[in-house]
Amino acid sequence: MSQMLNTGVRWTIHDVELMAENEGTRYEIVDGELFMTRAHHFKHQQTCGKIFRQLDVWSDSTGLGEAVINPGVLFSESDNVIPDVVWATKETLALTLDEEGHLTGAPDLVVEVLSESKSDERRDKEAKLKLYSSRGVKEYWIADWRSRKLEVYRREQSQLNLVATLFSKDNIISLLLPGFSCTVDQFFPV
């Protein structure tokens with residue numbers, strides 16, 4: 001569950017660096033707005049792991065890129081996020097991975113898994129969608145483990161648009177991931 005700190009202040013990564021270390025707390029900044037998130041539900045974490053596994057196995061077999069769970073993505077001082085899962089081509093990684101191990105530009109695919117709170121849902125479906133769209137992410141998946149559905153946003157005419165809402169028995173394929181295919185059900189825990 002997350003909490004938004006709306007104090008009228010425009011937050012930056014430098015502000016977060018000055019905050020006390022809070023074990024288990026994750027800080028994200030979207031357009032200068034600070035979001036604090038605590039540890040997610042067990043099934044949220046399982047969903048992240050299952051999506052990562054599908055992307056990782058495909059990546060290993062093709063050699064086209066890399067998937068990772070919870071990377072730091074530093075778009076700017078006021079846009080610093082930690083997506084649940086990302087996938088990037090080797091070319092994208094070569095251009096955007098800094099010495100500290102953070103992505104400084106858009107991964108090709110970003111996946112967010114919805115949490116239970118309405119503020120988390122708003123962050124993922126509005127604030128992060130807008131951020132990822134403006135920063136050049138090519139595809140954005142929003143997974144909902146409770147309803148076992150996946151919303152797929154793809155870049156069309158310079159913005160991310162919802163192109164499909166897929167359910168358990170539907171197959172997910174992507175032009176971004178040639179030959180990748182699995183049922184949406186494989187993303188979610190039993």
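Structure: above.
Quick notes on the rules
Residues numbered from 1 in each chain as written. Predicted model: local features only at pLDDT ≥ 70, side-chain atom pairs only at ≥ 80, totals over all residues. Heavy atoms only, no water. Helix = DSSP H or I, 4+ residues; strand = E, 2+ residues; numbered from the N terminus. Buried < 20%, exposed > 50% of the residue type's maximum accessible area, 1.4 Å probe, protein only. Contact = heavy atoms within 4.5 Å. Pairing = 2+ DSSP bridges. Axes fitted to C-alpha atoms, helices over the stretch in contact; angles between N-to-C directions. Salt bridge = Lys/Arg side-chain N within 4 Å of Asp/Glu carboxyl O. 1 Å grid on protein atoms, 1.4 Å probe; cavity = no way out; pocket = protein on both sides within 12 Å on 5 of 7 lines; lining within 4 Å. Points joined across faces, edges and corners; volume = space filled by probe spheres on them. Nonpolar A, V, L, I, M, F, W, Y, C, P; charged D, E, K, R; others polar.

So, about the side chain of Ser174. With respect to the helices, strands and loops of the structure, Ser174 is situated in the loop between strand E12 (171–173) and strand E13 (181–183). Look at Ser174 and you get buried, because its relative accessible area is 7%. Filtering out sequence-adjacent residues up to four positions away, Ser174 remains in contact with Glu139, Arg154 and Phe180.

Here we come to the sheet that holds strand E8 (residues 109–113). Spatially, 6 strands are ordered E4-E7-E8-E9-E10-E11 in an open sheet, and the strand pairing comes out mixed. Single-partner strands in this sheet number two, and they are strand E4 (65–69) and strand E11 (159–167). With direction set aside, neighbouring strand axes in the sheet form an average angle of 15 degrees. Across the face of the sheet, helix H2 (residues 42–62) comes into contact with E4, strand E7 (85–89), E8 and strand E9 (139–144) while running at roughly 165 degrees to E4. Sitting on the sheet, helix H4 (residues 118–135) is in contact with E8, E9, strand E10 (149–156) and E11, with an inclination near 165 degrees to E9.

Across all of its chains, the model carries 13 salt bridges by this definition. One salt bridge connects Asp185 with Lys169, and the closest N-O pair in it is separated by 4.0 Å. Of the two residues, Asp185 sits in the segment after E13 while Lys169 sits in the loop between E11 and E12, which places them 16 residues apart along the sequence. Residues joined by salt bridges that share partners form a network here, namely Lys118, Glu121, Lys125, Lys149 and Glu151.

Its identity is not glycine, yet Asn70 carries a phi of approximately 50 degrees, on the positive side. By the secondary structure assignment, Asn70 is in the loop between E4 and strand E5 (73–76). Even without being glycine, Ser158 reaches a positive phi, approximately 70 degrees. Along the polypeptide, Ser158 turns up in the loop between E10 and E11. We classify Ser158 as exposed; its relative accessible area is 61%.

Before going further, it helps to spend a moment on the layout of surface pockets. In this structure, the second largest pocket encloses a volume near 160 Å³. Taken together, Val30, Asp31, Glu33, Phe35, Asp79, Arg122, Ala127, Lys130, Leu131 and Ser134 make up the full set of residues lining the second largest pocket. Sorting the residues of the lining of the second largest pocket by element identifies strand E3 (33–37) and H4 as the ones contributing at least two each. In terms of residues, the lining of the second largest pocket owes the most to one element, H4, which gives 5 residues. Along the lines of polarity and charge, the residues of the lining of the second largest pocket split into 4 nonpolar, 1 polar and 5 charged.

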